[in-house]
Amino acid sequence: MSEKIRFPKRHADGSFCIEVSLPVSTNDPQGFLERVQDWFTQWVEANQIWIRKWEPTERIEELSYAQEFKREPQVISCNSTELKLRLDVQPSARWWKDWMVTRILADFKAAFAEIKGVGHIGDCE
Amino acid sequence: MGVDTDALEYKKPALISAGVVIGAQLLSGSGEAKLAEEGAALYHGSDAASVEDILANGLSQSAAAEQGGGDVFWATSNLEDAQWFAEANPAGGSPAILRIDVSLPAVQQLITKGALETEGSVFKFSGSAWQDLNELGKFSKVP
């Protein structure tokens, strides 16, 4: 592995953990945290398979959530201005960024008006 | 004058048609006439040093390979998605966004060549497209 790759930091088995912080605005952080966790549980149940159809080739690509992630996103903290998520990623994950950006975070933002734009991504503490 | 069956439009009507559809998707919204002349604005999230390197030297498969890439160049028409990808850059450096302006004929040329696929806002340029992008694209850094 190239020494120029500094992110993500992998565990001995190749798996890794990502922490995503999102700017939010809420007067009820605990209630919001619980609603978000419930939403992620349901979202993952409903989105185990992602079918991408590329144009103009019409090539079909079937991606599996379970091949990329060990479990549903975990909400680790929330205050009135920031929500933190944890993603546990499989050693063999190849499309985790695509899932995270264009599926998980896109659907998450669309579902909750409390989310206020782009946040930060890093290794879990 | 008959039909020129050697013409690209005759040989690959589906590809040309798809290119027009993709172009039309990119050109939706306000300012269509201007966009039709100017083409598409795509974004690539990376780290600041890599973006500066691309601006100075163009896209390089060998440089990308040093960070685990190099086979495909990914871009998106969604700036916010590019910001997230920049946050997750493999160098762990300061996030930065490269903007690539590509004319509609250039997009169609790459599709016809089989060097570009799209899925929603995602643009996937194969290795054979990198040099074309260097020649056909206009690179800048998103402030």
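Residues numbered from 1 in each chain as written. Chains lettered and ligands numbered in written order. Predicted model: local features only at pLDDT ≥ 70, side-chain atom pairs only at ≥ 80, totals over all residues. Heavy atoms only, no water.

Peer 1: What is the right way to look at the overall build of chain A in this model?
Peer 2: On a plain count of helices and strands, chain A comes out with three helices and six strands. Element order for chain A, N to C, with α for helix and β for strand: β-α-β-β-α-β-β-α-β. If one aligns the C-alpha atoms of chain A with their principal axes, the spans along those axes are about 45 × 35 × 25 Å. Per-residue burial over chain A gives 50% buried out of 125 residues. In chain A, the proportion of contacts linking residues at least 24 apart, taken out of those at least 6 apart, comes to 70%. Carbon and sulfur atoms provide 45% of the accessible area of chain A, an area that totals close to 6500 Å². (Helix = DSSP H or I, 4+ residues; strand = E, 2+ residues; numbered from the N terminus. Buried < 20%, exposed > 50% of the residue type's maximum accessible area, 1.4 Å probe, protein only. Contact = heavy atoms within 4.5 Å. Areas by Shrake-Rupley, 256 points an atom, 1.4 Å probe, with all protein chains shown as cover.)

Peer 1: Help me understand the packing of helix α3 (residues 96–111) of chain A against helix α6 (residues 79–87) of chain B in this model?
Peer 2: Packed helix pairs are characterised by how far apart their axes lie and by the angle those axes make with each other. Relative to each other, α3(A) and α6(B) sit at 130°, their axes nearing to 10 Å. With respect to α6(B), the axis of α3(A) lies oblique. Handedness of the crossing formed by α3(A) with α6(B): right-handed. Contact residues: α3(A) offers K97(A), D98(A), V101(A), T102(A), L105(A) and K109(A), while α6(B) offers E80(B), D81(B), W84(B) and F85(B). When grouped by side-chain class, the residues that make up the contact of α3(A) with α6(B) number four nonpolar, one polar and five charged. (Axes fitted to C-alpha atoms, helices over the stretch in contact; angles between N-to-C directions. Parallel < 35°, antiparallel > 145°, perpendicular 65-115°, else oblique. Left-handed = near helix turned anticlockwise from the far one by under 90°. Nonpolar A, V, L, I, M, F, W, Y, C, P; charged D, E, K, R; others polar.)

Peer 1: Is there a simple way to think about the state of the cysteines in this case?
Peer 2: Each disulfide consists of one covalent bond between the sulfur atoms belonging to two cysteines. Residue and element names in this part refer to chain A. The full count for this structure, using the stated rule, is one disulfide over all chains. The disulfide that involves C17 links it to C124, with 1.8 Å between the sulfurs. Taking the sign of the S-S torsion, about -65° here, the bridge from C17 to C124 comes out left-handed. Taken together, the residues C17 in strand β1 (residues 16–23) and C124 in the segment after β6 (120–123) connect sequence positions 107 residues apart. (Disulfide = S-S within 2.5 Å.)

Peer 1: What am I meant to see in the environment of V89(A) here?
Peer 2: Considering the arrangement of structural elements, one finds V89(A) in strand β5 (residues 82–89). Leave out the neighbours within four places in its chain, and V89(A) touches S15(A), F16(A), I18(A), E68(A), F69(A), K70(A) and W96(A).

Peer 1: What should I look at first to understand the interface of chain A and chain B in this one?
Peer 2: Chain A puts 28 residues into the contact, and the matching count from chain B is 25 residues. Taken together, the two surfaces of chain A and chain B that pack against each other cover about 2400 Å², and 62% of this comes from carbon and sulfur. Three residues stand out in chain A for area buried against chain B, namely W54(A), P56(A) and V118(A), and they jointly supply 25% of the buried area on that side. Inspection of the region where chain A meets chain B yields two salt bridges. Where chain A packs against chain B, one counts nine residue pairs in polar contact (both at pLDDT 80 or more). Elements with a contribution of two residues or more to the side of chain A that touches chain B: β1, β2 (49–54), α3 and β6 of chain A. The element contributing the most residues to the side of chain A that touches chain B is α3(A), with seven residues. (Buried area = accessible area lost by both parts, 1.4 Å probe. Salt bridge = Lys/Arg side-chain N within 4 Å of Asp/Glu carboxyl O. Polar contact = N/O pair within 3.5 Å; in protein donor to acceptor, adjacent residues only side chain to side chain.)

Peer 1: Teacher, can you tell me more about the nonpolar core here?
Peer 2: One recurring pattern in soluble globular proteins: nonpolar side chains tend to sit buried together. Ranked by internal contacts, the top residues of the largest apolar core, which has 38 residues, are I18(A), V20(A), L83(A), M100(A) and F108(A). Among the secondary structure elements, those contributing two or more residues to this core are β1, α1 (29–46), β4 (74–78), β5 and α3 of chain A together with α6 of chain B. Beyond its immediate chain neighbours, meaning those up to four positions away, I18(A) contacts F7(A), P8(A), L85(A), R86(A), L87(A), V89(A), W96(A), M100(A), I121(A), G122(A) and C124(A). (Core = buried A, V, L, I, M, F, W, Y, C linked by side-chain atoms within 4.5 Å.)

Bear in mind that shape data such as this cannot, by itself, settle questions of function.
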